[in-house]
Amino acid sequence: MQPVTIVFGAFDRHNFGDLLFARVAEVVLRPRRLVYAGLANADLRPFGGTRVQALPDVLARQRRQGIELVHAGGELLTCSAWEAAVMLLPARQATPLASRLDHDLATRTAWAHGRLRRPDLAPYVAAPGAPAGALRLLHVAVGGVGLAGCEAAMQREVLDKLRRAEAVSVRDHLTHALLARAGIASRLMPDPAVLTARLLDRRIRRHAHGSALSALRQRFPRGYLAVQFSADFGDDATLDALARALDQSAREAGCGIALFRAGAAYWHDDIDCYRRLTARMRVPAAILPSLNLWNICALITGARCYLGSSLHGRIVATAYALPRVNLCLPGQEGKPSKQAAYAATWDLPAMPGVLPVHAVPEGVMQAMGTDPQARLQLADLLAERCLAEYVSLCRRRESVRQHR
């Protein structure tokens, strides 16, 4: 029987980018026999994701030596056990728990370790020496922009795990430099979501003709801005400012506003915030109710511009050569973030990176004014580089089928 490759990541909860990583790996790693593992058993297939098994269970079933585990991407290096465990809970359970234990570090860490059945401080970073025997560990375009700000014990754990991996690649220059200072060699490669158009386009186009997206196109015959933001933008003052900025942007661009959620896991996007926003707006706006991965992709790819806090909203827009702008909270301008680091590493100099709400109208028009040919050339360049690095990292010689 063909050896198993474990594809490991945070696709055990609803988050746009993580669900994409699993689907990209599915194509790039063909014809390997894949098992998708996370920190918990989960079935995200109703949302376009995969069926995921808890990593301890997967390792316990795989008794042979030399198992390969591929970290499929994401900001895995800075996700603590507490954050990981809470995001795996339904919101009705997560909200009171997070409120009760928010300032009790010892109790919440103990709870998280019990919940996850692992003692790790950074559980989405796997380590060799598991019960199944030797693991060949590979990290594909992982991120860790905020690692230097994590508690010292967590930093030491992450760096020790990375030193024992067979190969490490990262997706931004800040993480690359941080690991270099720690004496860890890593490759720099674009996020796997840049392969969305090249490998997943056929499926996305099928969903673009579905009823949800057809209704949006009918409502906005002159197009729309695809807009998303996380729940921490949900205070009244920020929503007031965002409503004004979106009204101005839509009027200047001559189009509507289509809102979507890039994640339903706790601390991600809250549909109630979207409803409160649209109640403040004067231009036509609609909310995509679907959390299906392919509908989200189709909404972004049909937009005139992407605007949001999600890094992977930006990256999918990049893959389709669309204008893109990331949002940051008031007071966060200029501070290190995964969005800013990624844009500075890979995007066009003329493309806005991360902007505060008050700068949105100018930023959207600047993004929409960038050269379409330059955007297309960058999309092709990033896809080529990512695919070459991915295949090289996994030492796979057979060609990857193109799914246009």
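Preceding this section is the structure that the text describes.
For the structure given in this document, a descriptive report is provided here. Every value quoted in this text rests on a predicted model; they were computed, and no experiment measured them.

What about the overall build of the chain?
At step 1: Summing up its helical and strand segments, the chain has 16 helices and 14 strands in all.
At step 2: Against the globule reference of 22 Å for 404 residues, the chain gives a C-alpha radius of gyration of 21 Å, in line with a compact fold.
At step 3: Once the C-alpha set of the chain is aligned to its principal axes, its extents read approximately 60 × 50 × 40 Å.
At step 4: In the chain, which comprises 404 residues, the proportion classed as buried is 61%.
At step 5: Across the chain, the fraction of contacts at a sequence separation of at least 24, relative to all contacts at a separation of at least 6, is 77%.
At step 6: By element, 51% of the accessible surface of the chain is carried by carbon and sulfur atoms, the whole surface being about 16,400 Å².
At step 7: Taken together, the 51 basic and 35 acidic charged side chains of the chain have centroids lying 7 Å from each other.

Points about the sheet that holds strand β7 (residues 167-170)
At step 1: Spatially, β3-β4-β2-β1-β5-β6-β7-β8 is the arrangement adopted by the eight strands of the open sheet, whose pairing is mixed. Only two strands of the sheet have a single neighbouring strand rather than two, namely β3 (42-43) and β8 (187-188).
At step 2: Where strand β6 (residues 135-142) lies against β7, three bridges are found, and the strand directions are parallel. Directly across from His139, in β7, lies its bridge partner Val168.

Things to note about the packing of helix α8 (residues 196-208) against helix α12 (residues 293-301)
At step 1: Contact pair α8 / α12: the axes reach a minimum separation of 9 Å and the direction vectors enclose 95°. Taken as axis vectors, α8 and α12 run roughly perpendicular relative to one another. Here Thr196, Leu200, Arg203, Ile204, His207 and Ala208 of α8 come into contact with α12, specifically with Trp294, Asn295, Cys297, Ala298 and Thr301.
At step 2: A class-by-class count of the residues in the contact of α8 with α12 yields six nonpolar, four polar and one charged.

Comments concerning the pairing of strand β10 (residues 256-259)
At step 1: Side chains Gly256 and Ala258 of β10 all project onto a buried face; the interleaved residues Ile257 and Leu259 project onto the opposite face, where all are buried too.
At step 2: Here strand β9 (residues 224-228) pairs with β10 via four bridges, running parallel. For Ala226, the partnering residue across the bridge sits in β10 and is Ala258.
At step 3: In this fold, the crossover linking β9 to β10 by way of helix α10 (residues 236-253) has right-handed handedness.

Thoughts on the environment of Val391
At step 1: Here Val391 lies in helix α16 (residues 372-393).
At step 2: Along the chain, Val391 and Val170 lie 221 residues apart, while their C-alpha atoms are 15 Å from each other.

As for the pattern of salt bridges
At step 1: Under the criterion given, the structure shown has 21 salt bridges.
At step 2: Of the charged contacts, one joins Arg314 and Asp347 as a salt bridge, the two residues approaching to 2.9 Å between their closest N and O atoms. Of this pair, Arg314 sits in helix α13 (residues 311-319) while Asp347 sits in the loop between α14 (338-346) and β14 (354-356), and the two are 33 residues apart along the sequence.
At step 3: Overall, the relative accessible area of 1% leaves Arg314 in the buried class.
At step 4: Residue classification places Asp347 among the buried residues on the basis of a relative accessible area of 14%.
At step 5: Residues participating in the shared-partner salt-bridge network are Arg32, Glu68, Arg136 and Glu166.

Remarks on the packing of α10 against helix α11 (residues 271-280)
At step 1: Axis separation between α10 and α11 bottoms out at 9 Å; the angle between their running directions is 55°. Viewed along their axes, α10 and α11 adopt a mutual orientation that is oblique. The chirality of how α10 crosses α11 is right-handed. Between α10 and α11, the residues in contact are Asp236, Leu239, Asp240, Leu242, Ala243, Leu246 and Asp247 and Cys273, Arg276, Leu277 and Arg280, respectively.

Let's talk about the packing of aromatic side chains
At step 1: The final tally for this structure, using the stated rule, is eight aromatic pairs.
At step 2: Centroid distance Phe8 to Tyr124: 6.1 Å. Interplanar angle 40°. Geometry classified as tilted. Separated by 116 residues along the polypeptide, Phe8 in strand β1 (residues 4-8) and Tyr124 in the loop between α5 (105-116) and β6 bring together distant segments of the chain.
At step 3: On the basis of relative accessibility, which here comes to 0%, the residue Phe8 falls in the buried class.
At step 4: Here the aromatic cluster, defined as three or more aromatic residues joined through ring pairs, consists of Phe229, Phe233 and Tyr274.

Observations concerning the sheet that holds strand β12 (residues 305-308)
The strands making up a sheet associate through backbone hydrogen bonding, with each pair oriented either parallel or antiparallel.
At step 1: Taken in spatial order, the six strands make up an open sheet running β11-β10-β9-β12-β13-β14, and their pairing is parallel. On the outer flanks of this sheet lie β11 (285-287) and β14, each paired with one strand and no other. Here the strands of the sheet are splayed against their neighbours by 25° on average, with no regard to which way each runs.

Comments concerning the side chain of Asp18
At step 1: Its location among the elements puts Asp18 in helix α1 (residues 16-28).
At step 2: Side chain to side chain, Asp18 and Arg13 meet in a polar contact 3.3 Å long.
At step 3: The residues contacting Asp18, other than those within four sequence positions of it, are Ala10, Phe11, Arg13 and Gly73.

Some remarks on α13
At step 1: Most of α13 sits inside the fold, with nine of its nine residues counted as buried.
At step 2: Considered for burial, the residues of α13 that qualify are Leu311, His312, Gly313, Arg314, Ile315, Val316, Ala317, Thr318 and Ala319.
At step 3: Its side-chain oxygen at 3.2 Å from the backbone nitrogen of His312, Ser310 defines the N-terminal cap of α13.
At step 4: Just beyond α13, the residue with positive phi is Ala321, at close to 60°.

Quick look at the state of the cysteines
At step 1: Counted according to the given criterion, the structure contains zero disulfides.
At step 2: Lacking any disulfide linkage, Cys305 is separated from the closest cysteine sulfur, that of Cys255, by 8.6 Å.

Scoring rules and cut-offs
Residues numbered from 1 in each chain as written. Predicted model: local features only at pLDDT ≥ 70, side-chain atom pairs only at ≥ 80, totals over all residues. Heavy atoms only, no water. Helix = DSSP H or I, 4+ residues; strand = E, 2+ residues; numbered from the N terminus. Rg over C-alpha atoms; globule rule 2.2 N^0.38 Å. Buried < 20%, exposed > 50% of the residue type's maximum accessible area, 1.4 Å probe, protein only. Contact = heavy atoms within 4.5 Å. Areas by Shrake-Rupley, 256 points an atom, 1.4 Å probe, with all protein chains shown as cover. Lys, Arg positive; Asp, Glu negative; His and termini not counted. Charge placed at Lys NZ, Arg CZ, Asp CG, Glu CD. Pairing = 2+ DSSP bridges. Axes fitted to C-alpha atoms, helices over the stretch in contact; angles between N-to-C directions. Parallel < 35°, antiparallel > 145°, perpendicular 65-115°, else oblique. Nonpolar A, V, L, I, M, F, W, Y, C, P; charged D, E, K, R; others polar. Right-handed = clockwise from strand over helix to strand, strands pointing away. Salt bridge = Lys/Arg side-chain N within 4 Å of Asp/Glu carboxyl O. Left-handed = near helix turned anticlockwise from the far one by under 90°. Phe/Tyr/Trp six-rings, centres within 6.5 Å; stacked < 30°, edge-to-face > 60°. Polar contact = N/O pair within 3.5 Å; in protein donor to acceptor, adjacent residues only side chain to side chain. Disulfide = S-S within 2.5 Å.

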